[in-house]
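Given next are the chains, with one letter for each unit.
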Amino acid sequence: MKSLVNKTYKIYIITFIGSLLLAFLLVNMYKFLQASYSIEQMLVLIHSFPRAYLINAATLTALIYFICTTIIMLIQVRRTTKDWTVSLSVYMLLILVSLAVSILFFMVQNTMDAHKALLWMKQYPNHVMMTAILITSIMLFIFALFGSYYLGAIVAMAGLCLLALINYLKLKILGQPLYPTDFGQLKQVRDLIPMIIQKVSILSLVALVLGLVTLVILKTKLPKYKPHWLHRILVAGTSGFIIWSYANYESSIMSAIFKVTKIELIKWDPVLNYDLNGAVLGFVLSINQNVFEKPKDYSKENVLQVAQAVAHDLQEQTVLTETAAAVKPNIIYLMNEAFWDPTRLPNVQFEKDPIPYIREVMQQNPSGYTLSPMFGGGTANVEFEALTGFSLSFLEQGSVPYMQVFDKKKSVPNIASILRQRGYDAVAFHSFEKYFFKRDVVYPKLGFQSFTSMKEMKHKEMAAEHVSNMSVSKELIDMLKSHTNPVFIHTVTMQNHFPYLPGRFKTTEINVEGLDEKSNRVLETYTEGVRQSNEAFQYLMEQLDTLDEPTIVVFWGDHLPTFGENNNAIYNSGFIKTGGTSEESRRMHETPFFITANFPIPPVNLGTTSPIYFGPILFQVLQEPLPPYYQFLMSLYERYHGIIRELKVNPENGTVTTLTKDDQKLLDKYRLLQYDLLIGEQYSRPVLFPGENSNS
C-alpha cells in the first residue's frame, strides 16, 4: 500500500513538472510568434511585461496539470469494477474540460492575456459561474447524446473552441464580436480562411499533430464507460433544460437568476455587452434581442396622426413646380464593395493616383462622402438604408434587417416599389451568390421583378477569387439594352471584398510606401483592386455615352475596407489613432459618393451624406415629384445630412453629438414612422407612399 502511495505521489510530482515545462514552452512559442519569429524581440516582450508573462505561464500550468491529473485518475480507476467510481471520474473530467473551455473564452475576450482574464474573472465572479454552468451543460448534453464521454468531450471542445476562434478573429479583424445573426451567413467564413492560413505556423501544425496523437493514445488508456439509457435521458433532459433556459432567458427561470446575479443585456453597445458579460453570456443575451424596440407611443391612431400631419405640413411647405422629365432615364444604383480612396491615409506615398477618372467625375458632378452605417463589412445593412430610406440607427446594434425582418414581412416600401409605380422596371444584380444575406428572399419583397446573381451572369471574368468589376460593367450594359421600359438596376459588386493578401493579383501597378513592409504590400493589393474598379467604371460611362437612352448612375462605396488583423494600415498611418472621437468615427465611415449621367447635371457639393437620403436626392436631381415620405426625409436632411446613432453631420458638414429639443422631436417622428413601416402594421404606408402598390 505504501509503495502504491509513493508511486502515485511520484506520478503527480512528475506530472506537475511536465505541466510547468509544457506551459512555459507554449507561452514562449506564443511570444515567439508575437515577435515575428525574432528571439531578441521575444525577450524584449517578456522583459517589458514580466508579470503578465508569469501569470500566463502559471495559469496554463494549472490548466494542464488539472486536466492531466484527472486523466491519470481515470486511468487508475480503469481496472475498478465499481461503476460509481468510474462515473464520478468521468463527470469530473467533463466538468474540468468545461472549465478549461470557459477560461479559453475569457482569454479570447481579453486578447489572449491571462493576466487580464484573471482580473476580469475576479471582477465578475457571477458571470464566470454562469458561463461555466452553461458550457458544462452543453458538454453534458453532447455526452448524453453520443453516450460516450470521450467522443462527447471531443465534439463539444472542437465546436466551442471553433466558436472562440471565430469570435477572436472577428474581434481582431472587424472590431466586432460574434453575433447570433452571423450564423445566417456561415458561408462567409470561407473569406476568413486565407487569413487563418496565413497565421498558421509550423509550430502550430506540430502542436495540432501532437494533440491528435495524444487523443488517440488516451482513447486506448481511458476506462470504458457507457451510461445506462435512463441515465442518458436524465442528463440530456436536465442539461437541455438549462441550455433552453439560457437561450430563452427572458421567458424562463433564468431571467430571475440573471437579475440576482446582476447579469443584464447592454442594449446600446454590443461590444460593451460582450466586454462586461463575457463572450458567452454576451452572445446568449443577444439571441432573442429585438431588432427594433417598439416605441411606447406606437398605435394606429398616433401613427396616422403623425403621418397625416407630416404629409399635410410638407405639402404646404414644398411647392412642387417641377415636372417629371419627358423621357424617364434609366437609373443604376452602383454600390461598390469596400470602395474607398486609400490616398486619404496620411504618411503613405502612392506611386500614382489609383482613381483619376472617378476623381474627375466627382469634381464635375454632385458628389461627397457616404456616411456608411458600417465598417469593414455588413454590406446588406448599407444597401438596406439606401433602398428603404430607413436608418440603422434605430435598430439594435448587431441587427441585420435582411436576416431578421424580411421573413416576417410581405413587402416593404422602398425606391424600387416607388419607381415601379411610376412605370419603371426594377431589377437587382449582385455578382455573387443569391443566398448572400438572403437577398433571394429579400429582393422580391422589395418589389424587384428579377434578380441576376453570379450564376446568371454572361460576363464572368474573375479578378482574383471574385467576379471582376469590369464584368459587372459589361453585364450592366447588356441589361440596359434588354429593357424596353426605363429600368432601375440596383447593383452590388464583389471584387474588392477582403482579404487583401499579397499575391491576390498577378501584378500590382501602384507601389505603396510609408508603412511597415507587410502593411505596404496589403495596401498595394487593395489599391490594385481600387485601380481596376476605376477602369471598370470608366468603361461603363464610355459605353453609356454610346447609348441613345439617358441613364443616371448613383455610385458609392459600401464601407471602408478592413486590412486584416488590427487594421495596421489604418492605425499606423495616423488616419485613426484610437477611433474613440466623433471625428475619427466619422472618418471610419466615409466612402466616396457621387451621381453622374450620360446627360448634363450640375455639380453640387453633397458633403457627408447618409444612404437614407440617396432616393430623395436622386429624385431632386431628376426633378421627379417626391412622395411624402421622401419629403419628410428632406426635411430631416435640412437638419442633418448624416446620421449614425449618436453621431450626426449637419448641413455645414460639421460633426454634431448633441440634439436640440426640436431635432429630437423630429427624430422621434422618424423612429415611429420607420417602426410602423418596417416592423409594425404599415398604417402610414398609404399616406406616405400614395399610389405605391404594396403587392408589387
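Quick notes on the rules
Residues numbered from 1 in each chain as written. Predicted model: local features only at pLDDT ≥ 70, side-chain atom pairs only at ≥ 80, totals over all residues. Heavy atoms only, no water. Helix = DSSP H or I, 4+ residues; strand = E, 2+ residues; numbered from the N terminus. Contact = heavy atoms within 4.5 Å. Areas by Shrake-Rupley, 256 points an atom, 1.4 Å probe, with all protein chains shown as cover. Phe/Tyr/Trp six-rings, centres within 6.5 Å; stacked < 30°, edge-to-face > 60°. Buried < 20%, exposed > 50% of the residue type's maximum accessible area, 1.4 Å probe, protein only. Lys NZ or Arg CZ within 6 Å of the ring centre and 35° of its normal. pLDDT = per-residue confidence, 0-100. Pairing = 2+ DSSP bridges. Salt bridge = Lys/Arg side-chain N within 4 Å of Asp/Glu carboxyl O. Axes fitted to C-alpha atoms, helices over the stretch in contact; angles between N-to-C directions. Parallel < 35°, antiparallel > 145°, perpendicular 65-115°, else oblique. Nonpolar A, V, L, I, M, F, W, Y, C, P; charged D, E, K, R; others polar. Lys, Arg positive; Asp, Glu negative; His and termini not counted. Polar contact = N/O pair within 3.5 Å; in protein donor to acceptor, adjacent residues only side chain to side chain. Core = buried A, V, L, I, M, F, W, Y, C linked by side-chain atoms within 4.5 Å.

Caption draft 1: Representation of the overall build of the chain within the structure. Check the secondary structure of the chain and you find 26 helices and 15 strands. Put simply, of all contacts in the chain between residues at least 6 apart along the chain, 73% involve residues at least 24 apart. Accessible surface computed for the chain: about 31900 Å², of which carbon and sulfur atoms make up 60%.

Caption draft 2: Region of interest: the side chain of Asn414. Here Asn414 shows up in the loop between helix H16 (401-404) and helix H17 (415-421). Those residues in contact with Asn414 that lie beyond four places of it in its chain are Leu387, Thr388, Leu446 and Glu692.

Caption draft 3: Looking closely at the packing of aromatic side chains. Evaluated as defined, the whole model comprises 34 aromatic pairs. Relative to Trp244, the ring of Phe241 lies with its centre 6.1 Å away and its plane at 25°, an arrangement referred to as stacked. Here Trp244 and Phe241 lie together in helix H10 (residues 229-247), a separation of 3 residues that amounts to about one turn. With a relative accessible area of 48%, Phe241 lands in the partly exposed category. Clustering of aromatic rings is evident, with ring pairs tying together Tyr333, Tyr443, Phe448, Phe451, Phe488, Trp556, Phe593 and Phe614. It is Arg344 that lies over the ring of Tyr369; its NZ or CZ is 4.5 Å from the centre.

Caption draft 4: Representation of the confidence of the model for the chain. On average, residues of the chain score 82 in pLDDT, and 75% of them reach the 70 mark or higher. Predicted confidence for residues 1-5 stays below pLDDT 50, and this span has 0 contacts to residues more than four positions away or in other chains. Across residues 77-81, confidence stays below pLDDT 50; counting only partners more than four residues off in sequence or on other chains, it has 9 contacts.

Caption draft 5: Molecular detail of the sheet that holds strand E14 (residues 647-649). Strand order in the open sheet formed by 3 strands is E13-E14-E15, and the pairing between neighbours is antiparallel. Both outer strands of the open sheet, strand E13 (642-644) and strand E15 (655-656), are each paired with one neighbouring strand and no more. Where E13 lies against E14, 3 bridges are found, and the strand directions are antiparallel. Looking across to E14, one finds that Ile644 is bridged to Leu647.

Caption draft 6: Broad picture of the pattern of salt bridges. This structure, assessed with the given rule, holds 19 salt bridges. For the salt bridge of Glu383 with Arg439, the shortest nitrogen-to-oxygen distance reads 2.7 Å. Taken together, the residues Glu383 in helix H15 (residues 379-388) and Arg439 in helix H18 (residues 439-445) connect sequence positions 56 residues apart. Overlapping salt bridges bring together Lys352, Glu509, Glu528, Arg531 and Glu535 as one network.

Caption draft 7: Structural context of the sheet that holds strand E10 (residues 551-557). Pairing is mixed across the open sheet formed by 8 strands, whose spatial order is E5-E4-E8-E1-E10-E11-E3-E12. With one partner strand each, in any of the chains shown, strand E5 (450-452) and strand E12 (605-609) form the two edges of the open sheet. On average, adjacent strands in this sheet sit at an angle of 15° to one another, irrespective of strand direction. Examined bridge by bridge, strand E4 (residues 425-430) and strand E8 (residues 487-492) share 6 bridges and lie parallel to one another. Following the sheet pairing, His430 is matched in E8 by Val492. Of the strands in this sheet, strand E1 (330-336), E4, E5, E8 and E10 are in contact with helix H19 (residues 469-481), which crosses E8 at around 165°.

Caption draft 8: Focus on the packing of helix H23 (residues 614-621) against helix H24 (residues 628-637). Their axes nearest at 9 Å, the elements H23 and H24 cross at an angle of 100°. In this view, H23 runs roughly perpendicular relative to H24, as classed from their interaxial angle. Counted together, Gly615, Pro616, Ile617, Phe619 and Gln620 of H23 and Tyr630, Leu633, Met634 and Tyr637 of H24 form the full contact between these two elements. Along the lines of polarity and charge, the residues of the contact of H23 with H24 split into 7 nonpolar, 2 polar and no charged.

Caption draft 9: Geometry of the side chain of Lys648. With respect to the helices and strands, Lys648 occurs in strand E14. Although buried, Lys648 forms no salt bridge, and the nearest oppositely charged side chain, Glu646, lies 6.8 Å from it. Separated by 2.3 Å, the side chain of Lys648 and the backbone oxygen of Arg645 make a polar contact. With residues up to four places along the chain from it excluded, the contact list for Lys648 reads Tyr640, Gly642, Ile643, Gly654, Thr655, Val656, Leu659 and Leu667.

Caption draft 10: Fine view of the packing of helix H14 (residues 356-364) against helix H20 (residues 517-545). Viewed as axis vectors pointing N to C, H14 and H20 meet at an angle of 55°, and their least axial separation amounts to 8 Å. As judged from the angle between their axes, H14 and H20 are oblique. Residues Pro356, Tyr357 and Ile358 of H14 pack against Asn534, Phe537, Gln538 and Met541 of H20.

Caption draft 11: Quick peek at H24. With 10 of 10 residues buried, H24 lies mostly within the body of the structure. Every buried residue of H24 is listed here: Pro628, Tyr629, Tyr630, Gln631, Phe632, Leu633, Met634, Ser635, Leu636 and Tyr637.

Caption draft 12: Representation of unusual backbone geometry in the model. Cis geometry is adopted by the peptide bond preceding Pro499, which originates at Phe498 and carries an omega value of 5°. One non-glycine residue, Arg645, lies in positive phi territory at about 50°. Position of Arg645 relative to the elements: it lies in the loop between E13 and E14.

Caption draft 13: Molecular detail of the nonpolar core. Core analysis: the biggest nonpolar cluster contains 80 residues, and Tyr333, Tyr402 and Phe488 have the highest contact counts within it. Discounting chain neighbours no more than four positions away, the residues touching Tyr333 are Ala386, Leu387, Ile415, Phe488, Ile489, His490, Thr491, Val554, Trp556, Phe614, Gly615 and Leu618. Residues Ile358, Met457, Val487 and Val530 belong to the second largest nonpolar core, which totals 49 residues.

Caption draft 14: Quick peek at the environment of Phe24. Mapped onto the elements of the fold, Phe24 is located in helix H1 (residues 2-34). In the structure, Phe24 is positioned 30 residues away from Leu54 in sequence and 8.9 Å away in space, judged by C-alpha atoms.

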